[in-house]
Amino acid sequence: MADRIHRVIIEGSLISTPRLILRPWATGDAEAALPVYGVDEVSRWLAPALEPVSDLAAMERLIERWVAESETLEPPQGRWAVSLRETGELVGGVALLPLPPLGGDLEIGWQLAPGVWGQGLAAEAGHAVAHQAFESDAGVEELFAVVRPRNARGAATARRVGMEWVGETEKYYNLQLQVYRLRKGDLDAGGPTAAFS
C-alpha cells in the first residue's frame, strides 16, 4: 500500500498521485469549486476564516484572484485544483503559500468537498505538494500546516501527511492555531502516510 501512496509524479505545473491530479486553477473551474468553497463545513476551518463563497460570480472572482496571485509566486509555491484521476471530477484545492506575517515559513493547506471526506484524499494531495516542494530547487527543508484547535479532521490529515505537532501559536493570522511541521528528511519515513486510503 505505501508504494502506491508514495508515488508522486511532477511534470511542470501538474502533480499526480495514484488517485489525484493537481493542476493550476482556471476560471472555468468556478462551478465545480463552489460546492467546496461555498459550504460552511469547509470555510469555517480556513485560516484566515472566510465566509462561504456566496455564488458562482463570487467563486469566479476568487479563482481569478488565485490565478493572478499564482503568477507572482516563486516555485515551489502555488495553488492547485484537485481532481480525481479516474473521473476528472474537481473535488477541492491544495496550496503551498508563505505564512504571514513574515512569509518565511511555507504552509500546506487543503480543502475538499465534504462528499469526498474520509477517503484520505486531502492527505494524498498534501503529501504530493510536500514532494513537489522538497524536490524543487528552492532548498525547502520544512513545511507547516496550521489547524484551528477544534478541527480534529484537519489535525488528523496533517498527521497522515507525515507532519508532527509542534505546539500552538498566535503568530499566524492572529489566531490561536495548532502548528504541524514536516521536515524534508521525514517525508516518506514510514508511518502516517500509509493511512491515505
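A short tour of the structure in this document, coming up. (Residues numbered from 1 in each chain as written. Predicted model: local features only at pLDDT ≥ 70, side-chain atom pairs only at ≥ 80, totals over all residues. Heavy atoms only, no water.)

Once that is clear, we can look at the nonpolar core. Counting 35 residues, the largest nonpolar core has Leu22, Val94, Ile108, Leu143 and Met163 as the members making the most contacts within it. Those elements that place two or more of their residues in this core are strand S3 (20-24), strand S4 (78-84), strand S5 (90-98), strand S6 (106-112), helix H5 (121-135), strand S7 (142-147), helix H6 (152-161) and strand S9 (177-183). Among the elements that make up this core, the one with the highest residue count is H5 (nine residues). Apart from residues no more than four positions distant in its own chain, leucine 22 is found in contact with Ser13, Leu14, Ile15, Trp80, Ala81, Val82, Val94, Ala125, Ala128 and Val129. (Core = buried A, V, L, I, M, F, W, Y, C linked by side-chain atoms within 4.5 Å. Buried < 20%, exposed > 50% of the residue type's maximum accessible area, 1.4 Å probe, protein only. Helix = DSSP H or I, 4+ residues; strand = E, 2+ residues; numbered from the N terminus. Contact = heavy atoms within 4.5 Å.)

An α-helical turn contains 3.6 residues, so a residue and the one three or four places further along point in the same direction. End to end, helix H4 (residues 56-70) covers 21 Å across 15 residues, agreeing with the expected 21 Å (1.5 Å per residue, within 8%). On its buried side, H4 packs onto helix H2 (30-37) and S4. Of the residues flanking the start of H4, the one acting as N-cap is aspartate 55, its side-chain oxygen 3.2 Å from the backbone nitrogen of alanine 57. (Expected span 1.5 Å × (residues − 1). Polar contact = N/O pair within 3.5 Å; in protein donor to acceptor, adjacent residues only side chain to side chain.)

Applying the stated criterion across every chain, the model contains six salt bridges. Its salt-bridge partner being lysine 171, residue aspartate 105 comes within 3.6 Å of it at the nearest N-O pair. Of this pair, aspartate 105 sits in the loop between S5 and S6 while lysine 171 sits in the loop between strand S8 (164-169) and S9; the two residues are 66 residues apart in sequence, bridging distant segments of the chain. The exposure class of aspartate 105 is buried, given its relative accessible area of 18%. With a relative accessible area of 45%, lysine 171 lands in the partly exposed category. (Salt bridge = Lys/Arg side-chain N within 4 Å of Asp/Glu carboxyl O.)

In short, the description is geometric, and any link to function would need to be established separately.
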